[in-house]
Amino acid sequence: MRQQAERFGVELLVAQTVASINPGPDSGGVRTVTTETGQEYRAPSLLLTPGTRYRRLNVPGEEDFIGAGVHFCATCDGPFYRDMETLVVGGGNSGVEEGLFLTRFASHVTVLEVGDRLRASQVLQDKAAAHPQMDIRLNTTVREFRGDGKLSSVLVEDLTTGRQEELHPAGVFVFIGLDPNTGFLSDTVELDPRGFIVTGSGPRSSQMETNRHGIFAAGDARAGSTKQVASAVGEGAAALIAIRAHMEDEIRNRGYRGDN
C-alpha cells in the first residue's frame with residue numbers, strides 16, 4: 001500500500017506528531033496543520049485518519065508487563081501460549097471472539113467480565129458456554145499485575161463479595177474497547193462523548209465530512225465506523241471521492257489556486 005501511494009506521488013512524513021489544526025473559515029480557504037516540532041502544512045482540505053488505540057485497564061503493573069505477559073492481540077501473540085492457561089479481560093464481542101480463538105493454542109481460557117453478564121452477542125455467548133476449554137467469571141475485575149520482569153500472577157477481585165484472589169495465567173489478553181486518538185482535535189471538529197469524530201452533521205456535509213466544511217474523517221476514529229481494516233480502507237476511498245468533489249467546488253466557486 002505504501003509503494004502504491006508513493007508511485008502516485010504521495011509524500012509520507014514519518015515521526016511527525018500533530019499538535020493542532022487551524023480549520024480556517026467555513027467559507028473555504030486554507031487549513032493549517034502544525035506539528036509538535038513547529039512545522040506547518042497547509043491545504044484546502046484535510047482527511048483525518050488518526051485511528052484508535054486499545055483501552056488500558058490502568059491498574060498497577062499493566063504498563064510493566066505489556067509484551068511480557070500482557071497483550072492486546074490474540075492473533076499476534078496467542079501462538080506463544082500453546083498448551084498454557086490464559087486470561088481474557090473483557091466480555092464483549094471482541095473479548096469472547098478472541099477467547100475462542102485462543103482455544104486453538106491455550107490449554108484453557110478464562111474470560112473475566114466486570115458486569116453481571118457478558119456483553120457479547122448471544123451466538124458468541126453460546127459458543128463460549130459450550131466450549132470445554134473456556135470458563136466465564138462475571139462481576140470480576142483486575143486489580144494488579146504482578147511479576148519480576150515477566151508476568152507471574154494477576155490479582156482479581158469479585159465485585160459482589162469483595163474477595164480478592166491471585167491467578168497464575170501464562171498470559172493475559174485485554175479487550176475492553178478502543179479509545180480514539182483525537183485529543184488534538186477537541187477544539188477543531190465535533191466529537192461524540194467518547195471522543196470519536198462525528199461526520200455527516202454539517203449542513204453541506206457528505207457522510208464522510210465533519211461539521212467543518214472541507215475537513216473529512218475516515219477509519220476507526222470516525223463515529224459509527226465498524227473498526228475493521230477492510231471498512232477503514234473503503235471509508236478512505238469514499239472520503240477521497242468526497243474531497244475531490246469538494247475541491248472541484250472550490251475551484252468552480254472560488255477560483256482556488258494552490259498558492260493562496
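A short tour of the structure in this document, coming up. What you see is a predicted model, and the numbers here were worked out from it, not measured in a lab. (Residues numbered from 1 in each chain as written. Predicted model: local features only at pLDDT ≥ 70, side-chain atom pairs only at ≥ 80, totals over all residues. Heavy atoms only, no water.)

## Examining the overall build of the protein chain
Link 1 in the chain: Within the protein chain, the regular secondary structure consists of five helices and 15 strands.
Link 2 in the chain: With the C-alpha coordinates of the protein chain rotated into their principal frame, the extents come out at 70 × 40 × 40 Å.
Link 3 in the chain: The contacts of the protein chain with a sequence gap of at least 6 include a subset with a gap of at least 24, amounting to 53%.
Link 4 in the chain: Of the roughly 14300 Å² of accessible surface on the protein chain, a fraction of 50% belongs to carbon and sulfur atoms.
Link 5 in the chain: Across the protein chain, 26 positive and 34 negative side-chain charges occur, with their mean positions spaced 5 Å apart. (Helix = DSSP H or I, 4+ residues; strand = E, 2+ residues; numbered from the N terminus. Contact = heavy atoms within 4.5 Å. Areas by Shrake-Rupley, 256 points an atom, 1.4 Å probe, with all protein chains shown as cover. Lys, Arg positive; Asp, Glu negative; His and termini not counted. Charge placed at Lys NZ, Arg CZ, Asp CG, Glu CD.)

## With respect to the pattern of salt bridges
Link 1 in the chain: Evaluated as defined, the whole model comprises 12 salt bridges.
Link 2 in the chain: The closest approach of N and O atoms between Glu 166 and Arg 146, which form a salt bridge, is 3.3 Å. Here the residue Glu 166 occupies a position in strand β12 (residues 164-167), and Arg 146 occupies one in strand β10 (residues 140-147), the gap between them amounting to 20 residues.
Link 3 in the chain: Where salt bridges share partners, they join Arg 137, Arg 163 and Glu 165 into one cluster. (Salt bridge = Lys/Arg side-chain N within 4 Å of Asp/Glu carboxyl O.)

## A short note on the nonpolar core
Link 1 in the chain: Ala 74, Val 88, Val 96, Leu 102, Val 109, Met 134 and Phe 173 are the most contacted members of the largest nonpolar core, which has 19 residues in total.
Link 2 in the chain: Secondary structure elements with two or more residues in this core: α3 (93-102), β8 (108-112) and α4 (122-130).
Link 3 in the chain: Among the elements that make up this core, the one with the highest residue count is α3 (four residues).
Link 4 in the chain: Residues within four places of Val 88 in sequence aside, it is in contact with Gly 95, Gly 99, Leu 102, Val 109, Thr 110, Val 111, Leu 112, Phe 173 and Phe 175. (Core = buried A, V, L, I, M, F, W, Y, C linked by side-chain atoms within 4.5 Å. Buried < 20%, exposed > 50% of the residue type's maximum accessible area, 1.4 Å probe, protein only.)

## Digging into unusual backbone geometry
Link 1 in the chain: For Ala 15, which is not glycine, the phi dihedral falls at a positive 55°.
Link 2 in the chain: For Asn 139, which is not glycine, the phi dihedral falls at a positive 50°.
Link 3 in the chain: Among the secondary structure elements, Asn 139 is positioned in the loop between β9 (134-137) and β10.

## Here we look at the layout of surface pockets
Link 1 in the chain: For the largest pocket, the calculated volume is near 1300 Å³.
Link 2 in the chain: When contributions to the lining of the largest pocket are tallied by element, the ones reaching two or more residues are β1 (18-22), β2 (31-35), β3 (40-43), β4 (46-48) and α5 (229-254).
Link 3 in the chain: For the lining of the largest pocket, the element with the highest residue contribution is α5, accounting for seven residues.
Link 4 in the chain: Looking at side-chain class alone, the lining of the largest pocket contains 20 nonpolar, eight polar and four charged residues.
Link 5 in the chain: Put simply, the second largest pocket is a space of about 740 Å³. (1 Å grid on protein atoms, 1.4 Å probe; cavity = no way out; pocket = protein on both sides within 12 Å on 5 of 7 lines; lining within 4 Å. Points joined across faces, edges and corners; volume = space filled by probe spheres on them. Nonpolar A, V, L, I, M, F, W, Y, C, P; charged D, E, K, R; others polar.)

## Some words on the packing of aromatic side chains
Link 1 in the chain: The tally for this structure, following the rule as stated, stands at three aromatic pairs.
Link 2 in the chain: Look at Tyr 81 and Phe 173: their rings are 5.8 Å apart centre to centre, the planes differ by 80°, and that puts the pair in the edge-to-face class. Here Tyr 81, found in the loop between α2 (74-77) and β7 (85-89), pairs with Phe 173, found in strand β13 (residues 171-174); they are 92 residues apart in sequence, far enough to count as distant.
Link 3 in the chain: Note on Phe 101 and Phe 105: the rings are 5.5 Å apart at their centroids and 65° apart in plane angle, and the pair reads as edge-to-face. The two residues Phe 101 and Phe 105 agree in class, both being buried. (Phe/Tyr/Trp six-rings, centres within 6.5 Å; stacked < 30°, edge-to-face > 60°.)

## Thoughts on the pairing of β10
Link 1 in the chain: Where β10 meets strand β11 (residues 151-158), seven bridges bridge the pair, whose relative direction is antiparallel. By the bridge assignment, Gly 147 is partnered in β11 with Leu 151.
Link 2 in the chain: Two successive antiparallel strands, β10 and β11, enclose a turn made up of three residues, where Gly 149 displays a positive phi of approximately 85°. (Pairing = 2+ DSSP bridges.)

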